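Now for the letters of each chain:
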There are 2 protein chains.
Amino acid sequence: MSDAVDLTEKLSLVREHWSPKTVAMLNDYEVKVVKVRGDFVWHTHDDTDELFLVLAGELTIRLRDRDVVLGPGQLFVVPRGVEHCPHADEEVHAVLLEPAGVVNTGDAGGPLTAEAERI
Amino acid sequence: MSDAVDLTEKLSLVREHWSPKTVAMLNDYEVKVVKVRGDFVWHTHDDTDELFLVLAGELTIRLRDRDVVLGPGQLFVVPRGVEHCPHADEEVHAVLLEPAGVVNTGDAGGPLTAEAERI
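Residues numbered from 1 in each chain as written. Chains lettered and ligands numbered in written order. Predicted model: local features only at pLDDT ≥ 70, side-chain atom pairs only at ≥ 80, totals over all residues. Heavy atoms only, no water.

Engineer: How would you summarise the interface of chain A and chain B if you had to cite specific residues and measurements?
Structural biologist: In many analyses, interface size is given as the accessible surface area lost on bringing the parts together. Taken together, the 34 residues of chain A in the interface contact 34 residues of chain B. Surface buried jointly by chain A and chain B totals about 2700 Å² across both partners, of which 60% is contributed by carbon and sulfur atoms. Here chain A is connected to chain B by two salt bridges. Viewed at the interface, chain B and chain A are joined by 16 residue pairs in polar contact (both at pLDDT 80 or more). Residue assignment for the side of chain A that touches chain B shows that the elements contributing at least two residues are strand E1 (5–6), strand E2 (21–26), strand E3 (29–39), strand E4 (50–56), strand E6 (67–70), strand E7 (74–78) and strand E8 (84–99) of chain A. Top contributing element to the side of chain A that touches chain B by residue count: E7(A), with four residues. (Contact = heavy atoms within 4.5 Å. Buried area = accessible area lost by both parts, 1.4 Å probe. Salt bridge = Lys/Arg side-chain N within 4 Å of Asp/Glu carboxyl O. Polar contact = N/O pair within 3.5 Å; in protein donor to acceptor, adjacent residues only side chain to side chain. Helix = DSSP H or I, 4+ residues; strand = E, 2+ residues; numbered from the N terminus.)

Below you can see the structure in the form of structure tokens.
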């Protein structure tokens, strides 16, 4: 049985941007921490919603019809099938929550695709 | 489509202790905020894990073999089938995550059983 997970401590282990790391499992869902900065890619997850919770910094989740801006303590669930593109001017620390096996770049693929290694 | 959810703002709407309120859905999971203080009841969720993330205060999750103590920014997943009893000396603000329909008191029932109303 795992013990308490300290999100700040886990984030201190993350070096790359846009590379989520799994820190806990909730049934078949993965709780991940991620550092992001700059632009991600437009992509869609056809089979699942995706939760973003910001811990530090300001994250913009661009949707095709508007931007959702998240500061610390704010969360947003991108509904399944909705194209989105995260963006951060300065480094953001965030938590992601989604079913195990979801690929970060969704249907888009490309060089930013990353395995969610467990830390 | 819902917009950004501010956890502090949502918690400001919560008056009772031990009465989780749903603030977002992630597929068939509910994201809830809760204020707790004092002792809950020993209970078990046989069919699901349950995630606790503390935002403010110090939450002790008593297990039969030990205590897990969570401060702000720390989370713990109580595995399905594991008896637990949350406790807080002072008021704690936390996020809960679990499948929709999970009853807060699990198999124990009793007067602290609460519907997770959406706010």
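Here the narrative resumes, following the displayed structure.
Engineer: Go over the relation of the copies chain A and chain B, please, and point to the residues and values.
Structural biologist: When chain A is fitted to chain B, the best match, at an RMSD of 0.0 Å, comes from turning it 180 degrees and sliding it 0.0 Å along the axis. Taken together, these values place the two copies in the relation of a two-fold axis. A shared binding surface is used by both copies, with 100% of the interface residues of chain A retained as interface residues in chain B. (Least-squares fit on C-alpha atoms with pLDDT ≥ 70 in both.)

Engineer: Tell me about the nonpolar core, and please be specific about residues and values.
Structural biologist: A:Val31, A:Leu51, A:Leu75, B:Leu7, B:Val31, B:Leu51 and B:Leu75 are the most contacted members of the largest nonpolar core, which totals 32 residues. The contacts of B:Val31, once residues within four sequence positions are left out, are A:Leu51, A:Leu75, B:Lys21, B:Thr22, B:Val23, B:Ala24, B:Val95, B:Leu96 and B:Leu97. Residues A:Phe40, A:Val54, A:Leu63 and A:Phe76 belong to the second largest nonpolar core, which totals 18 residues. (Core = buried A, V, L, I, M, F, W, Y, C linked by side-chain atoms within 4.5 Å. Buried < 20%, exposed > 50% of the residue type's maximum accessible area, 1.4 Å probe, protein only.)

Engineer: Hey, could you go over unusual backbone geometry for me, with residue numbers and the actual values?
Structural biologist: Of note in this structure, A:Trp18 is not a glycine but carries a positive phi near 60 degrees. With respect to the element layout, A:Trp18 can be found in the loop between helix H1 (7–11) and E2. For B:Asn27, which is not a glycine, the phi torsion comes out positive at approximately 55 degrees. With respect to the helices, strands and loops of the structure, B:Asn27 is situated in the loop between strand E2 (21–26) and strand E3 (29–39).

Engineer: How would you summarise the pattern of salt bridges if you had to cite specific residues and measurements?
Structural biologist: Under the criterion given, the structure shown has 20 salt bridges over all chains. Taking the shortest distance from any N to any O, the salt bridge between A:Glu30 and A:Lys32 comes out at 3.6 Å. Assessed through its relative accessible area of 13%, A:Glu30 is described here as buried. Residue classification places A:Lys32 among the buried residues on the basis of a relative accessible area of 2%. As a salt-bridge pair, B:Arg64 and B:Glu83 come within 2.9 Å of each other at their nearest N and O atoms. Residue B:Arg64 is found in the loop between strand E5 (59–63) and strand E6 (67–70), and its partner B:Glu83 is found in the loop between strand E7 (74–78) and strand E8 (84–99); the two are separated by 19 residues along the sequence. For B:Glu83, a relative accessible area of 30% puts it in the partly exposed group. Taken together, the shared-partner salt bridges in this structure form one network comprising A:Asp3, B:Asp65 and B:Arg66.

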